[in-house]
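# Close look at the chain arrangement
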Amino acid sequence: MGVSAVEVGREKGSPALRGTLGWVWTVFGPFLGLILITVLFAYLTRHSGSFLTTYNWRTIAVQTVIVGTAALGMTVIMIAGGIDLSVGSAVALVTVAIALAVRDLGWPMPLAMAGGIVVGGLCGLWNGALITGLGVVPFIITLGGLKIFRGLAKWLSSSTAVYVPDEAQVWWFPSILATEPEPSWLLVAPGVWLLLILSVFLALALRHSLLGRYIYAIGSNESTARLCGINVPLVKLAVYVLAGLATGLAGVMQYVYLNATGDPVTADGLELQVIAAVVIGGGSLNGGEGTVVGTLIGCLIMSVLNNGCVHAGIPNASQDVIIGAIIVAAVTLDRFRRRRDL
């Protein structure tokens, strides 16, 4: 018995429809979660009214910069099917490297900050080279990087904070993460604008560049990507270097946040916050999925949770429980979505 053209069209259209619905859920699901959390804390702080003020939302935006910048790099890594557990240690190493370059080598602050970004890129190069060269899973390599980079930061700084003299700072340095931006027409801190600009460039690159298509292809099915002629090791190496540069920039922002101090123990556990933001934003631990918009929303959810809990008087221990529960829920939803699409 023949099959009608309508039935064939339905069979062909159903995967496309499921893919479209999955994309809509990936993008708008985290956004809906952000709205619900905002409404919840607005209700919990209704008597003080401190949560919904312009000043507080500028504070939230500033608090998102460091995690958000590092999360951009983690987004690319996780889309390619990888992971990076060394982010926090690399950020600490960058802050120490910048402070030592200014204090001991006499580098101008802008040059030292640019050098900090390069240090982050070298950390990414180390991870990527070992992953592709040795064929060891990223979890193990970056776990080793976590200890190596933190150890280097402590060794270079003699396990003490490295302070930079005030006269070595440039006049615009304190304004990078200022809650009240100067000039006022900026609305938010320059660091926030830098994060948004980088996000736009990354989103366009992932969507329209050849490298972006390769990254999604490798994360979706690495074996198929190899058969299609994609140089998988080279793409993976590029992914980790780009992510390392983003981590380096996050280290620069952490250095600014610490008021020109290199701290070998700073950013402890930052990698967990970054991974959580990507997962909450719709990224998959299995690779092949993730968006820049979703990651930014995930970072905002984390910042709103932390800020809202402070304003609502919720203890830090409860904050950790709430964030952990949200991560478990996000991963569970991703698992159910993947089973449904099979």
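Now for a quick tour of the structure. (Residues numbered from 1 in each chain as written. Predicted model: local features only at pLDDT ≥ 70, side-chain atom pairs only at ≥ 80, totals over all residues. Heavy atoms only, no water.)

What follows deals with the overall build of the protein chain. Helix and strand counts for the protein chain stand at 12 helices and 2 strands. Reading the secondary structure of the protein chain in the N-to-C direction produces α-α-α-α-α-β-α-α-α-α-β-α-α-α. In terms of C-alpha radius of gyration, the protein chain reaches 21 Å, essentially the compact-globule figure of 20 Å for 342 residues. In terms of principal-axis extent, the alpha carbons of the protein chain reach across some 85 × 55 × 40 Å. In the protein chain, the share of contacts with a sequence separation of at least 24, taken over all contacts with a separation of at least 6, comes to 77%. In the structure as shown, the protein chain presents an accessible area of about 17000 Å², 69% of it carried by carbon and sulfur atoms. The centroid of the 18 positive side-chain charges in the protein chain is displaced by 11 Å from the centroid of its 16 negative side-chain charges. (Helix = DSSP H or I, 4+ residues; strand = E, 2+ residues; numbered from the N terminus. Rg over C-alpha atoms; globule rule 2.2 N^0.38 Å. Contact = heavy atoms within 4.5 Å. Areas by Shrake-Rupley, 256 points an atom, 1.4 Å probe, with all protein chains shown as cover. Lys, Arg positive; Asp, Glu negative; His and termini not counted. Charge placed at Lys NZ, Arg CZ, Asp CG, Glu CD.)

This part covers unusual backbone geometry. Of note, the bond from E182 into P183 is cis; its omega dihedral lies within 30 degrees of zero at 0°. Its place among the elements puts P183 in the loop between β1 (162–163) and α6 (190–208). Despite not being glycine, S158 has its phi angle at roughly 55°, a positive value. Tracing the sequence through the fold places S158 in the loop between α5 (138–157) and β1. A positive phi is found at N259, a non-glycine position, where the angle reads about 60°. Structurally, the position occupied by N259 is in the loop between α9 (232–257) and β2 (261–262).

What follows deals with the side chain of Q169. Its place among the elements puts Q169 in the loop between β1 and α6. According to the relative accessible area criterion, Q169 is buried, its value standing at 18%. Not counting residues up to four positions away in its chain, the partners in contact with Q169 are M109, N259 and A260. (Buried < 20%, exposed > 50% of the residue type's maximum accessible area, 1.4 Å probe, protein only.)

With that settled, consider the environment of T45. Along the chain, T45 falls in the loop between α1 (5–44) and α2 (54–79). Counting along the chain gives 266 residues from T45 to H311, while the straight-line C-alpha distance between them is 6.8 Å. Setting aside residues no more than four positions away along its own chain, T45 makes contact with S50, F51, H311 and A312.

What follows deals with empty space enclosed by the protein. One pass over the full model with this rule turns up 2 cavities of 30 Å³ or more. Its boundaries defined by the atoms lining it, the largest cavity holds a volume of some 60 Å³. Residue lining of the largest cavity: 13 residues in total, with D84, G124, N127, G244 and T247 positioned closest to the centre. Breaking the lining of the largest cavity down by element, the ones donating at least two residues are α3 (87–103), α4 (109–134) and α9. Class assignment for the residues of the lining of the largest cavity results in 6 nonpolar, 6 polar and 1 charged. By volume, the second largest cavity is sized at about 40 Å³. Around the second largest cavity, the lining residues are A70, G73, M74, I77, D84, V87, A243, G244 and T247. For the lining of the second largest cavity, the elements supplying multiple residues, two or more each, are α2 and α9. Ranked by residues supplied to the lining of the second largest cavity, first place goes to α2 with 4 residues. (1 Å grid on protein atoms, 1.4 Å probe; cavity = no way out; pocket = protein on both sides within 12 Å on 5 of 7 lines; lining within 4 Å. Points joined across faces, edges and corners; volume = space filled by probe spheres on them. Nonpolar A, V, L, I, M, F, W, Y, C, P; charged D, E, K, R; others polar.)

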